[in-house]
Amino acid sequence: MSETTRKQEAVVEPTIFELSSPGRRGYRFPPLDVPEIDPVEVFGESQVRSVEPAFPELTEPEVVRHFTRLAEMNHHVDRGFYPLGSCTMKYNPKVNEDVAGLPGFTRLHPEVDEVHSQGALALMHGLARHLAAISGMDEVSLQPPAGASGELAGMLIVRAYHTDRGNPRSKVIVPDSAHGTNPASLTLAGYEAQEIKSDSSGRVDVDELRRLVDSETAAIMITNPNTLGVFESRISEIVEIVHGVGGLVYMDGANLNALMGIVRPGDIGFDLMHFNLHKTFSSPHGGGGPGSGPIGVTSELADYLPYPVISRDEAKSRGIEYYFDYERPRSIGKVHGVYGNFLVMVKAYSYILTLGPVGLRRVAENALLNANYLQRKLEAYYELPYKGYCQHEFVLSASRQKEHGVRALDVAKRLLDFGVHSPTIYFPLIVGEALMIEPTETESKRSLDHFVSVMIEIARESESDPDVVRGAPSRTPVGRLDEVRASKDLDVSWRQD
Ligand SMILES: *Cc1c(COP(=O)(O)O)cnc(C)c1O
């Protein structure tokens, strides 16, 4: 079958509302065996609907098949390689899903009192202790629900710390390779972003940093290894310079895959950092699933952590061992409902205990090995702007392919035709036509070699047959979307008529 016929024959899945047919149903409730009540009397008129919601009506197999068909159209990490740089799309072991699915966890109501939730509190306390051990931080709060929200909590802690010393200060320094959430978080916390350039090796320009810092420097936010996949080898000097003017050093620890078991940010001198449990610690992400972005701090900043903190009273003076500690007068307050996304924490806890210290170190070692293997195999075919060993990821440029009219976006789309997800593209911003590749530790040599052969094939096609690459994808359920329209003319509404 030629590629064009396949595309024409592609089935377009109707929406679940279009599939709906009045009267169909999946489940029926058993007959009422308790006295009937009038909901208006119990809840009040304002809480009770007068019109039935327009839910779609389908049988159970129709629902299952609809979503299975949709899932088959999509690329996901259980289906194929997903080298999306900075996102750590590793395979998440299913055993952690099993643990998080235990009824003792899933049926626990968030408002259950401490006496009846000791197990859950012990788990959260234990996870925080493990993250502290992995990072070298003294205390950890699991409350922020995502990386960006951990960053915001961190910047609010920076502000509270300086305010207590008489002046909140006004500026936070961020490298030009930083993730976009860094400037966003510091701006939300009332700071002004001061960008610092990278030098020719992709690292923070330390001389420039010396010139930039002053008594208005509240903090620097650093990602290490940075988004170019390069380790900031002069990190101790950077820490010293910022501490020298009384500023704090924040680590964007979204991607701990390169460091676990090898380097602890706390030992380097970082004052605070966030973690992304949904990247490094075994929670599926992408598509907007729940995340968790714990924040860790040194003991000097512990009083500012979001409350409640989960504390332990080994003597059980109030009859319980673990409790929510609200006695934090200098806390920045709550940053999420209840105590964050609990089931993500269960998966992370299970993952950490399954691997243990040696296993976590091997995760990092294999993540580094896999990335360096790919970099070596591909550097002859794509421009590698920052040379040398990489960490858990590396950045190529499609600048050579661009001479034939093929852009990074086209390479990304063509990969889909070979069953591989695109790398992150056009980020970091300092690399033109960037292709940011992070294989993660969970890929076998076979899947890495498949990726290499596909990338080489696309490099060849870019010279011999650039139209094929520019027209990709041609083997997926839908072809190339109009990306501008998809974001500027967004219409996902459904109307009954
Ligand atoms: C993913 C990421 C973030 C943001 O994390 P979210 O959970 O998406 O908010 C921040 N910094 C870096 C380096 C990241 O890769």
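Keep in mind that this is a model prediction, so the values were computed, not measured.

Chemist: Can you walk me through the confidence of the model for the protein chain in this structure?
Modeler: The predicted coordinates should not be examined in detail at positions where pLDDT is low. Here the protein chain averages 93 in pLDDT, while 96% of its residues score no lower than 70. pLDDT under 50 marks residues 1-9. Its contacts with residues more than four places away, or in other chains, come to eight contacts.

Chemist: What exactly am I supposed to notice about the packing of aromatic side chains here?
Modeler: One pair of aromatic rings is described through two measures. These are the centre distance and the angle between the planes. With the rule as written, the count across this model stands at five aromatic pairs. A ring pair is formed by F81 and F451, whose centres lie 5.1 Å apart and whose planes are at 70°; its orientation type is edge-to-face. Taken as a pair, F81 in the loop between α4 (60-73) and α5 (94-100) and F451 in helix α17 (residues 445-464) lie far apart in primary sequence, 370 residues in all. For F451, a relative accessible area of 0% translates into the label buried. The positively charged end of R318 is found above the aromatic ring belonging to Y323, 5.0 Å away from the centroid.

Chemist: Even after reading the chapter, I still don't get the site of the ligand, so can you show me in this structure?
Modeler: Looking at the ligand, there are 13 residues lining it, with S86, A148, D252, H278 and K279 nearest. Contact distances for the ligand include 2.8 Å between an oxygen atom and a backbone N or O atom of G147. In the environment of the ligand, a nitrogen atom lies 2.6 Å from a nitrogen or oxygen atom belonging to the side chain of D252. In the complex, 86% of the free accessible area of the ligand, which totals 380 Å², lies under the protein chains. Looking at the shell around the ligand, the elements with two or more residues in it are α8 (147-164) and α13 (277-280). Per-element accounting of the shell around the ligand gives the leading share, three residues, to α8. A class-by-class count of the residues in the shell around the ligand yields three nonpolar, seven polar and three charged.

Chemist: Mind showing me how you'd approach a nonpolar patch on the surface here?
Modeler: A cluster of nonpolar side chains, I37, V42 and F43, forms an exposed patch at the surface whose accessible area comes to about 320 Å². Here V42 shows up in helix α3 (residues 39-43).

Chemist: What should I look at first to understand the pattern of salt bridges in this one?
Modeler: Pairing between side chains of opposite charge can happen when their charged atoms approach one another. Enumeration according to the criterion identifies 27 salt bridges in this entry. A salt bridge links R376 to E379; the shortest N-O distance between them is 3.5 Å. Residues E461 and R414 are paired through a salt bridge, measuring 2.9 Å at the closest nitrogen-oxygen approach. Of the two residues, E461 is situated in helix α17 and R414 in helix α16 (residues 408-417); the sequence distance between them amounts to 47 residues. The burial state of E461 is the same as that of R414; both residues are buried. Through salt bridges with shared partners, a single network forms among E139, D325 and R328.

Chemist: Please clarify how the domain arrangement of the protein chain should be interpreted in this entry.
Modeler: When the parts come together, some accessible area is lost, and that loss is often what is quoted as the size of the interface. Annotation of the protein chain at the domain level lists domain 1 (95-352) and domain 2 (359-476). Taking the mean C-alpha position of each, domain 1 and domain 2 sit 30 Å from one another. With 26 residues of domain 1 in contact, the opposing surface of domain 2 contributes 22 residues. A per-residue breakdown of the area domain 1 buries against domain 2 is headed by T227, L228 and N257, which together make up 31% of the total. The interface formed by domain 1 and domain 2 holds three residue pairs in polar contact (both at pLDDT 80 or more) in total.

Conventions adopted
Residues numbered from 1 in each chain as written. Predicted model: local features only at pLDDT ≥ 70, side-chain atom pairs only at ≥ 80, totals over all residues. Heavy atoms only, no water. pLDDT = per-residue confidence, 0-100. Contact = heavy atoms within 4.5 Å. Phe/Tyr/Trp six-rings, centres within 6.5 Å; stacked < 30°, edge-to-face > 60°. Helix = DSSP H or I, 4+ residues; strand = E, 2+ residues; numbered from the N terminus. Buried < 20%, exposed > 50% of the residue type's maximum accessible area, 1.4 Å probe, protein only. Lys NZ or Arg CZ within 6 Å of the ring centre and 35° of its normal. Near = heavy atom within 4 Å. Polar contact = N/O pair within 3.5 Å; in protein donor to acceptor, adjacent residues only side chain to side chain. Areas by Shrake-Rupley, 256 points an atom, 1.4 Å probe, with all protein chains shown as cover. Nonpolar A, V, L, I, M, F, W, Y, C, P; charged D, E, K, R; others polar. Patch = residues over 30% accessible without salt bridge, like charges linked within 9 Å, V, L, I, M, F, W, Y side chains within 5 Å. Salt bridge = Lys/Arg side-chain N within 4 Å of Asp/Glu carboxyl O. Domains from an automatic or database assignment. Buried area = accessible area lost by both parts, 1.4 Å probe.

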